[in-house]
Amino acid sequence: EAGVTQFPSHSVIEKGQTVTLRCDPISGHDNLYWYRRVMGKEIKFLLHFVKESKQDESGMPNNRFLAERTGGTYSTLKVQPAELEDSGVYFCASSQDSGVGRNEQFFGPGTRLTVL
Amino acid sequence: KQEVTQIPAALSVPEGENLVLNCSFTDSAIYNLQWFRQDPGKGLTSLLLIQSSQREQTSGRLNASLDKSSGRSTLYIAASQPGDSATYLCAVDSGGYQKVTFGTGTKLQVIP
């Protein structure tokens, strides 16, 4: 069974440009999460989808970040325009929703974003 | 607001030693706690998940314990190996929508 996949693995862009990160969750997982690790700091939650709906986007830093999950399958995270402080590793995770408890989150390999 | 702390930030041990990594959290009202490892340049690998109703979980040479009342979890690694060298992260699920709060991690180096 394929795990969570993310694309690209690494992106280098200049300040002011736009970048779109993609996450494909494990098939059948309704929950999809985005996290990021800014250099030297801890991993922080960005937002959570349940199917195609944004359940919690309290961690989104500002309106330069836009996440979508069309059809409740893969998700994209767009940064427009990118700033230097956006550099870091962006992780995606997914989990099942059994309705009877909190399930394990499975993480993708991350996308390393470098803004020059 | 949940805060998760991991001590020490870095640890270096000779091969074969048993070791304990610590994770502390401020809000004991949690749903579960996960331990991950992260290898340099790679993603997160889930090691163990402990539900709030459980006291410990074991997988191979790893044993994780959970004491909600004191806000602590430990990850015990038996007979450490050089391949265990990585950063170990704990993450606490206590939010309304399953978002987790990560600790800052412990960077472990096992010396051959």
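The rules behind each value
Residues numbered from 1 in each chain as written. Chains lettered and ligands numbered in written order. Predicted model: local features only at pLDDT ≥ 70, side-chain atom pairs only at ≥ 80, totals over all residues. Heavy atoms only, no water. Helix = DSSP H or I, 4+ residues; strand = E, 2+ residues; numbered from the N terminus. Contact = heavy atoms within 4.5 Å. Disulfide = S-S within 2.5 Å. Buried < 20%, exposed > 50% of the residue type's maximum accessible area, 1.4 Å probe, protein only. Pairing = 2+ DSSP bridges. Axes fitted to C-alpha atoms, helices over the stretch in contact; angles between N-to-C directions.

This part takes up the environment of B:Ala86. Residue and element names in this part refer to chain B. Within the secondary structure layout, Ala86 lies in strand β9 (residues 86–93). When the C-alpha positions of Ala86 and Leu108 are compared, they lie 5.4 Å apart, and in sequence the two are 22 residues distant. Those residues within four positions of Ala86 in sequence are excluded, and the remaining contacts are Arg37, Gln38, Asp39, Thr106, Lys107 and Leu108.

In this section: the state of the cysteines. Counting across every chain of the model gives two disulfides over all chains. The residue that forms a disulfide with A:Cys23 is A:Cys92, at a sulfur-sulfur distance of 1.8 Å. On the sign convention where negative means left-handed, the S-S torsion of about -60 degrees between A:Cys23 and A:Cys92 marks this disulfide as left-handed. Of this pair, A:Cys23 sits in strand β3 (residues 19–24) while A:Cys92 sits in strand β9 (residues 88–95), and the two are 69 residues apart along the sequence. Owing to a relative accessible area of 0%, A:Cys23 belongs among the buried residues under this scheme. Here B:Cys23 is linked by a disulfide to B:Cys90, with a sulfur-sulfur distance of 2.0 Å. Here the S-S torsion is close to 75 degrees, and the disulfide linking B:Cys23 with B:Cys90 is therefore right-handed. Of the two residues, B:Cys23 is situated in strand β3 (residues 19–25) and B:Cys90 in strand β9; the sequence distance between them amounts to 67 residues. Pair check on accessibility: B:Cys23 and B:Cys90 agree, each one buried.

The subject of this paragraph is the sheet that holds strand β1 (residues 4–7) of chain B. Residue and element names in this part refer to chain B. Strands sit in the order β1-β3-β8-β7-β6 across an open sheet of five strands; the sheet is antiparallel. Each edge of the open sheet carries a strand with a single partner, namely β1 and β6 (56–59). Going from strand to strand, the sheet's axes swing by 15 degrees on average, the running direction of each strand aside. Relative to strand β7 (residues 62–67), β6 runs antiparallel, the two being bridged by four bridges.

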